[in-house]
Amino acid sequence: MDNNLKPVFSFIEPLSLNGFVSINNQKRLEEKFLLNRRRSEELILSCGFIPERYKRNNLGVKKQKSLFDSTILIAGCGATGQSVSSLLARLGFGKIILFDPDNFEESNLNRQAFSFEINIGYNKSFETKKYLNQINSSLILDVLDKTIESEEFEEKIKKSDLVIDALDNFESRLFLEKECRKNNKILIHSGISGWCCQVKVIMPKDDFLKKSLTNRGNKKIVESNLSFAVNILSGIISSLAVKIVTDNFTENDKKFYFFDLENNDFIVQ
Amino acid sequence: MEIEVKLFAGFRKGRFVKEVFKIDEGVSVSDILARLEINEEDTGIIFVNGRHAKPEYILCDLDVLSVFPVVGGG
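Each residue is numbered by its place in its chain's sequence as written, counting from 1. The order in which chains are written sets their letters, starting at A; the order in which ligands are written sets their numbers, starting at 1. In keeping with the model being predicted, local features are shown solely for residues with a pLDDT of at least 70 and side-chain atom pairs are shown and tallied solely at 80 or more, while totals for entire chains, interfaces and linings include all residues. Side-chain figures throughout are based on the complete set of non-hydrogen atoms in the structure, without hydrogens or water.

Novice: So, the overall build of chain A: which residues are in play, and what are the values?
Specialist: Looking only at helices and strands, chain A has ten helices and ten strands in total. The C-alpha radius of gyration of chain A comes to 20 Å, within 12% of the 18 Å expected for a compact globule of 269 residues. By principal-axis analysis of the C-alpha atoms, chain A measures approximately 65 × 45 × 40 Å. Relative accessibility under 20% of the residue-type maximum defines a buried residue, over 50% an exposed one, and the middle range a partly exposed one, all with a 1.4 Å probe and only protein chains included. The buried share of chain A, taken over its 269 residues, is 54%. Helix and strand definitions here come from DSSP, where helices need a minimum of 4 consecutive H or I residues and strands a minimum of 2 consecutive E residues; each element is numbered from the N-terminal end. The size measure is the radius of gyration over C-alpha atoms, and the globule rule it meets is 2.2 Å times the number of residues to the 0.38 power.

Structure follows, in structure tokens:
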């Protein structure tokens, strides 16, 4: 163990219970060493303990620390972006970058996790940040009320360890895939329509979306998005994100997932 | 030649889930979609034997064609 950690370890060790540190004891640590929440979480994990809030993750210190050290870029902060970011915040991912210029509309209330009657008209990314901070105060959120085609994107994608496609149009998806290829980033593609959703991990050299979308024209899809499909989709995306960041990702996880909840059809191929 | 066609989600309505087709040589994915009155623009992922296929792909004996609808987001 790093010598600098020894005083912290000595302070935490008697306060921990079966390797876990409660939030009250984490606060004591913060007071003793004048730390913010993020730094205290980092030190607890570095000393081989786990904040109690992650007890039910049951991932172990090493994997929990991998989540803490990772940066996830989520392109789009609609239903999928909000649900995924909420799951990642609860899991203990350390940093999330969000891009979305849109404001909440009344038609978002049926499915979007942070859409409330009182915030109609407010920017989705900024509202999401507000609620994510309440879920996990050690999370760093870098939020932009802009599209991924904005000039800030290049700098942000370079800093990310993993990119998630939570977009709603083909042109931006193709742009995102191209950027991931250029910057050597893994992309988790997702899509939803009515009762159906699909997910595919796209490795940095792949062009899955280019192959599958470029011959389809630009036909506007009839917009139908059901809340339960969003949540299934978000669960799969988040599980893949954990596997990728903790090095538990296998060939099997590269398959194409398509779930049709209306017909109870769950395809993985 | 025989191929198997699998349709997903809304494409099944008024059609089928899975069906074997007898086809002549030189028949493309596009030809099958036209025969099923499926608009190419409504298709999302098209797989033949689990791999991407373009509409102009010429089908071979025992190919399995899977047609998924286009999905959006948000």
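Novice: Requested: an account of the overall build of chain B, with residues and values cited.
Specialist: Each helix and strand counted, chain B has one helix and five strands in total. Counted from the first residue to the last, chain B has its helices and strands arranged as β-β-α-β-β-β. Taking 74 residues into account, the globule formula puts the C-alpha radius of gyration at 11 Å, and chain B, at 12 Å, falls close to it. The principal-axis extent of the C-alpha atoms belonging to chain B is close to 40 × 25 × 20 Å.

Novice: Describe the sheet that holds strand β1 (residues 2-7) of chain B, listing the residues and the values that go with them.
Specialist: Paired through their backbone hydrogen bonds, the strands of a sheet run either parallel or antiparallel. Residues and elements named next belong to chain B. Two strands are said to pair when DSSP picks up at least two bridges between them. Taken together, five strands build an open sheet; the order of strands is β2-β1-β5-β3-β4 and the sheet is mixed. Of all the strands in the sheet, just β2 (18-22) and β4 (51-52) have a single pairing partner and so form its edges. In this sheet, β2 lies alongside β1 in antiparallel orientation, the contact comprising five bridges. Counted as the bridge partner of Ile3 is Phe21 from β2.

Novice: How would you sum up the sheet that holds strand β3 (residues 71-75) of chain A? Please name residues and give values.
Specialist: All names here are of chain A. One open sheet accounts for eight strands, arranged β5-β4-β3-β6-β7-β8-β9-β10; its pairing is mixed. Single-partner strands in this sheet number two, and they are β5 (140-144) and β10 (265-268). The average undirected angle you get between the axes of adjacent strands in this sheet is 10°. Orientation is described by lines fitted to C-alpha atoms, with helices fitted over the stretch in contact, and by angles between N-to-C directions that extend from 0 to 180 degrees.

Novice: Outline helix α6 (residues 124-135) of chain A, listing residues and values.
Specialist: Quick reminder: α-helices carry 3.6 residues per turn. Residues three or four places apart thus point the same way. Helix length check: α6 of chain A, at twelve residues, gives a terminal C-alpha distance of 17 Å against a target of 16 Å (1.5 Å per residue), a fit within 8%. One side-chain oxygen at the N-terminal end of α6 of chain A lies 2.9 Å from the backbone nitrogen of Ser125 of chain A; it belongs to Asn123 of chain A. Multiplying 1.5 Å by the helix residue count minus one yields the expected span of that helix. Any N or O atom pair separated by 3.5 Å or less is treated as a polar contact, with the protein-specific requirement of one donor-capable and one acceptor-capable atom, and with residues adjacent in sequence counted only for side-chain atom pairs.

Novice: Now, about the interface of chain A and chain B: what can you tell me, with residues and values included?
Specialist: Every contact between the two is made by 30 residues of chain A and, on the other side, 25 residues of chain B. Note on chain A versus chain B: buried area summed over both sides is about 2,300 Å², and carbon and sulfur give 57% of it. The term salt bridge refers to a side-chain nitrogen of Lys or Arg lying within 4 Å of a carboxyl oxygen of Asp or Glu. Our count for the chain A to chain B interface comes out at one salt bridge. Between Asp265 of chain A and Arg12 of chain B there is a salt bridge, and its shortest N-O distance comes to 2.3 Å. In this structure, the connection of chain A to chain B is made through four residue pairs in polar contact (both at pLDDT 80 or more). Classifying every residue of the side of chain A that touches chain B by side-chain character gives ten nonpolar, eleven polar and nine charged. The contact criterion used is simple: two residues touch if any of their non-hydrogen atoms lie within 4.5 Å. Buried area: the accessible area, evaluated with a 1.4 Å probe, that two parts lose upon being put together, summed over both parts. Ten residue types, Ala, Val, Leu, Ile, Met, Phe, Trp, Tyr, Cys and Pro, are classed as nonpolar, four, Asp, Glu, Lys and Arg, as charged, and the remainder, Gly among them, as polar.

Novice: Residues and numbers for the pairing of β1 of chain B, please.
Specialist: Residue and element names in this part refer to chain B. Burial of the side chains of β1 is restricted to one face: Ile3, Val5 and Leu7 are buried, whereas none of Glu2, Glu4 and Lys6 on the reverse face is. As defined by bridge partners, β1 adjoins strand β5 (residues 64-69) across four bridges and the pair is classed as parallel. Looking at the pairing, Leu7 lines up with Val67 of β5.

Novice: Got a sec to walk through the pairing of strand β4 (residues 95-99) of chain A? Specific residues and values, please.
Specialist: Residue and element names in this part refer to chain A. Burial of β4 is extensive: four of the five residues sit out of reach of the surface. Pairing of β3 with β4, which is carried by five bridges, proceeds in the parallel orientation. Within the sheet, the bridge partner assigned to Thr71 lies in β4 and is Lys95. By convention, orient the strands away from the viewer: a clockwise path from the first strand over the helix to the second makes the crossover right-handed. Handedness of the β3-helix α5 (residues 79-91)-β4 crossover: right-handed. Strand direction decides the pairing type here: β4 and β5, joined by five bridges, are parallel. Across the sheet, the residue bridging to Phe99 is Leu144, located in β5. The parallel pair β4 and β5, bridged by α6, forms a crossover whose chirality is right-handed.

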